[in-house]
Amino acid sequence: METMRMLTNEDEIKSLRQQLDEANAAIEAIRTGQVDAFVVEDKNGPRLYTLKSADQTYRLFIEKMIEGAITLNQEGVILYCNTRFANMLNIPLGNMIGSYFKNFIPDEFKKSFNSLIRKGWKEECKQEVALVSSDGKLIPVLVSLTTLDLDEGTVLSLIFTDLTSQKKIEKQLREKNELLESANALAEKLNDELEQRVSERTNELLTSREYFKFLADTIPVIVWTALPNGEHDYFNMQWYNYTGLTFEQSRGTGWQSVEHPDDLPGILVAWKKALISAEPFKIEVRKRAADGSYRSYIMNAMPLKDSDGKVIRWFGVSTDIEDQKKDMERKDEFISMASHELKTPVTTLKAYTEILLMDAESHENPIQQNMLRKMDIQINKLTSLIGDLLDVSKSNSGQLYLDIEKIDFNQLVKEVINVMQLTIKTHTIELNLAETQIIEGDKNRLGQVITNLISNAAKYSPQSDKIIISTASNSDEIKLCVRDFGIGIPLSQQPKLFSRFFRVSKNTYPGLGLGLYICNEIIKRHSGRMDFKSEEGKGSTFCFYLPVKK
Ligand code: ADP
């Protein structure tokens, strides 16, 4: 630019242009090997440079190299430059030759370049440096320096290998490596966490197994576990203490040896059924103790299932009920004895009351009549309670005998209801009878069942005034249902309803909790069955089903 401003006339411009053309022509001639020497004008005047072993092959070789190549004189002027180097810096070849090499070195590298070049004049050397292209881009290069002896003197040859793509790859590699390292670190961390969790879980499992064993050995019942195929694989201390068997004698099917021979077939059928259905198992059994005596047990087993519903293991508990059974037997004996003892005096009381009532009626004594009628009602209640207790005793001892005859079912129902409607003043009994069937049964006992169900319906529905009796039948059985709209029975209480002495509302309503038990026993003795539906606060429907003889 400085030089341009100094040009004063067109001749000078022309002469410079001519010099440039000549220079370009000379460069082209050198590049293509048309000349072996050229003259450079420097501060000491024109100098002739000639390649010592100049030949065309050599020049073409340099020209085709993928490395950039230049030669410098002592002053750092570029004497020769191949196309690759000019392209590297994105500068026309013509602008390179004759220029100072330092012009193409970024400032921050100038110092290290100078010392490198100084070193290059003394010995062959290599170094990674950066050049700057015409558009200001830094180009990482590996430069190899070596001196070349030419006829007119020594020059410095610089060969540049462009490291841009290598650096790029190195950078990518570094990034990939970093990614890999962080992935590795993450994997290692996860692995550590996993190991930690596995060890924690193992500890937890060991602890929970120890807890389970401790708990099982502490509770006063026999505990056992079985595989899904039914083979027993664990027993608690109580088992070994009671049976006197070892684990080897008990495992698998060995446990069966302590079951009472009369109970075993039933146990095996129930156990097989439970294994197939994967439903809870419950049965009353007698187990032989180490001394050869037997005690009664309730065996319960529950299947532990996985998320797909497949049984993983059975957990069983056998509870000793021998003492309760003995208590129950003693209670039954007492009830039987007491009810028999009570029966005679109450029957006598009733007879005398009736005689007195007849006497009071004949003497037209209304006060006595009234009192004696009340006495008679109470004696009837007492008789009915004693009757219930006697029935329970009979049922327990298998002495609930039936007086079987052919019965027109509808006829029986109507007779019972006519009598009931006379005593029940608070409710209307509605009747929905299906076509009648002839059944075989004990008329009195079946009447007792219907009476009991209607009495309960009235007793447990004080706020309502209606009871509905309905019957239905098919060729196999006949059904009778008694529906009320009373207090109903909570769901939790329903499973025990047919048990002896079981009562839901103990204090509010009078009763012994025997009625339903006796009804169920009577119906069972007729080869029938009972069921019920009930909703608390809405009412209940009790039904029985009897087989129809063909
Ligand atoms: P109870 O003498 O107590 O009536 P039951 O054996 O007849 O004895 O009935 C047993 C229990 O069942 C009763 O105490 C009562 O709680 C309940 N129960 C029976 N029938 C009904 C009913 N129709 N509605 C509501 N609860 C009933």
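In this text, all values refer to a predicted model and were calculated from it rather than measured experimentally.

Reading guide: rules and limits
- Residues numbered from 1 in each chain as written.
- Predicted model: local features only at pLDDT ≥ 70, side-chain atom pairs only at ≥ 80, totals over all residues.
- Heavy atoms only, no water.
- Disulfide = S-S within 2.5 Å.
- Helix = DSSP H or I, 4+ residues; strand = E, 2+ residues; numbered from the N terminus.
- Buried < 20%, exposed > 50% of the residue type's maximum accessible area, 1.4 Å probe, protein only.
- Near = heavy atom within 4 Å.
- Polar contact = N/O pair within 3.5 Å; in protein donor to acceptor, adjacent residues only side chain to side chain.
- Areas by Shrake-Rupley, 256 points an atom, 1.4 Å probe, with all protein chains shown as cover.
- Nonpolar A, V, L, I, M, F, W, Y, C, P; charged D, E, K, R; others polar.
- Pairing = 2+ DSSP bridges.
- Axes fitted to C-alpha atoms, helices over the stretch in contact; angles between N-to-C directions.
- Contact = heavy atoms within 4.5 Å.
- Phe/Tyr/Trp six-rings, centres within 6.5 Å; stacked < 30°, edge-to-face > 60°.
- Lys NZ or Arg CZ within 6 Å of the ring centre and 35° of its normal.
- pLDDT = per-residue confidence, 0-100.
- Core = buried A, V, L, I, M, F, W, Y, C linked by side-chain atoms within 4.5 Å.
- Domains from an automatic or database assignment.
- Parallel < 35°, antiparallel > 145°, perpendicular 65-115°, else oblique.
- Left-handed = near helix turned anticlockwise from the far one by under 90°.

**Some remarks on the state of the cysteines**
Part 1 of the reasoning: Counted according to the given criterion, the structure contains 1 disulfide.
Part 2 of the reasoning: In this model Cys481 forms its disulfide with Cys543; the gap between the sulfur atoms is 2.1 Å. Its torsion about the S-S bond being 110°, the disulfide of Cys481 and Cys543 is classed as right-handed. Taken together, the positions of Cys481 in strand β17 (residues 477-484) and Cys543 in strand β19 (residues 539-547) put the pair 62 residues apart, joining distant regions of the chain. Each member of the pair, Cys481 as well as Cys543, carries the same accessibility label: buried.

**A word on the site of the ligand**
Part 1 of the reasoning: Every one of the 19 residues lining the ligand counts as a neighbour, but Asn456, Tyr460, Asp484, Arg503 and Leu516 are closest to it.
Part 2 of the reasoning: In the environment of the ligand, an oxygen atom lies 2.8 Å from a nitrogen or oxygen atom belonging to the side chain of Asn456.
Part 3 of the reasoning: With respect to the ligand, the backbone of Leu512 contributes an N or O atom lying 3.3 Å from an oxygen atom.
Part 4 of the reasoning: In isolation the ligand has 530 Å² of accessible area, and contact with the protein removes 97% of it.
Part 5 of the reasoning: Secondary-structure elements contributing two or more residues to the shell around the ligand are α14 (443-459), α15 (515-525) and β19.
Part 6 of the reasoning: Class assignment of the residues belonging to the shell around the ligand gives a composition of 9 nonpolar, 7 polar and 3 charged.

**Things to note about the sheet that holds strand β16 (residues 466-473)**
Part 1 of the reasoning: Here 5 strands make up an open sheet; going across it, the order is β14-β16-β17-β19-β18 and the pairing mixed. Two strands in the sheet have a free side with no partner beyond their single neighbour: β14 (428-432) and β18 (529-535). In this sheet, adjacent strand axes meet at a mean angle of 15° when their direction is disregarded.
Part 2 of the reasoning: Across 7 bridges, the pairing between β18 and β19 is antiparallel. Each residue of the ladder has a partner; that of Lys533, found in β19, is Thr541.
Part 3 of the reasoning: Helix α13 (residues 409-423) rests against β14, β16, β17 and β19 of the sheet, and its axis sits at about 170° to β14.

**What to know about the packing of aromatic side chains**
Part 1 of the reasoning: Per the counting criterion, the structure on display carries 16 aromatic pairs.
Part 2 of the reasoning: Through a chain of ring-to-ring contacts, three or more aromatic side chains come together here, namely Phe85, Phe101, Phe113 and Phe160.
Part 3 of the reasoning: Over the ring of Tyr545 we find Arg529; its NZ or CZ atom is 3.9 Å from the centre of that ring.

**Digging into the confidence of the model for the protein**
Part 1 of the reasoning: On average, residues of the protein score 88 in pLDDT, and 89% of them are at 70 or above.
Part 2 of the reasoning: Segment residues 1-7: pLDDT under 50, and 3 contacts once partners within four positions in sequence are set aside and those in other chains are kept.

**Considering the pairing of strand β9 (residues 232-235)**
Part 1 of the reasoning: Inspection of the sheet shows strand β8 (residues 222-226) paired to β9 by 3 bridges, in the antiparallel sense. The residue of β9 that forms the bridge with Ala226 is His232.
Part 2 of the reasoning: In sequence, β8 turns back onto β9 through a hairpin of 5 residues, with Gly230 there showing a positive phi of about 100°.

**Thoughts on the sheet that holds strand β12 (residues 311-320)**
Hydrogen bonds between backbone atoms are what pair the strands of a sheet, whose relative direction is either parallel or antiparallel.
Part 1 of the reasoning: Pairing is antiparallel in the open sheet, where 5 strands are placed in the order β9-β8-β12-β11-β10. Two strands close off the open sheet at either side, each with one partner strand: β9 and β10 (281-288). Between one strand and the next, the sheet's axes are offset by a mean angle of 25°, whatever the strand orientation.
Part 2 of the reasoning: As paired elements, β10 and strand β11 (residues 294-305) share 8 bridges and run antiparallel to each other. Each bridged residue has a counterpart across the sheet, and for Ile283 the counterpart in β11 is Met299.
Part 3 of the reasoning: Where helix α7 (residues 164-218) meets the sheet, it contacts β8, β9 and β12, and its direction lies at approximately 70° from that of β9.

**A look at the nonpolar core**
Part 1 of the reasoning: Within the largest apolar cluster, 43 residues are counted, with the highest numbers of intra-cluster contacts made by Ile454, Ile469 and Phe544.
Part 2 of the reasoning: Mapped onto this core, the elements with two or more residues apiece are α12 (366-396), α13, α14, β16, β17, α15, β18 and β19.
Part 3 of the reasoning: For this core, the element with the most residues is α14, which contributes 7 residues.
Part 4 of the reasoning: Built from parts of two domains, this core gets at least three residues from each of domain 3 (326-396) and domain 4 (404-547).
Part 5 of the reasoning: The next biggest cluster of nonpolar side chains, apart from the first, holds 28 residues, and it includes Ile78, Ile97, Leu116 and Ile117.

**Considering the packing of α12 against α15**
Axes are the key here: two packed helices are described by the angle between their axes and the distance separating the axes.
Part 1 of the reasoning: At a minimum axis separation of 10 Å, α12 and α15 run at an interaxial angle of 45°. One element, α12, and the other, α15, form an angle in the oblique class. Here α12 runs over α15; the crossing is left-handed. On the side of α12, the interface is formed by Asp388, Asp391, Val392, Ser395 and Asn396, while α15 contributes Tyr517, Ile518 and Glu521.

**Thoughts on the pairing of β12**
Part 1 of the reasoning: Inspection of the sheet shows β8 paired to β12 by 5 bridges, in the antiparallel sense. Its bridge partner being in β12, Ala226 is matched across the sheet by Trp314.
Part 2 of the reasoning: Where β11 meets β12, 9 bridges bridge the pair, whose relative direction is antiparallel. Of the residues in β12, the one forming a bridge with Leu304 is Arg313.
Part 3 of the reasoning: Taking the residues between adjacent antiparallel strands as the criterion, β11 and β12 are bridged by 5 residues, where Gly309 takes a positive phi near 85°.

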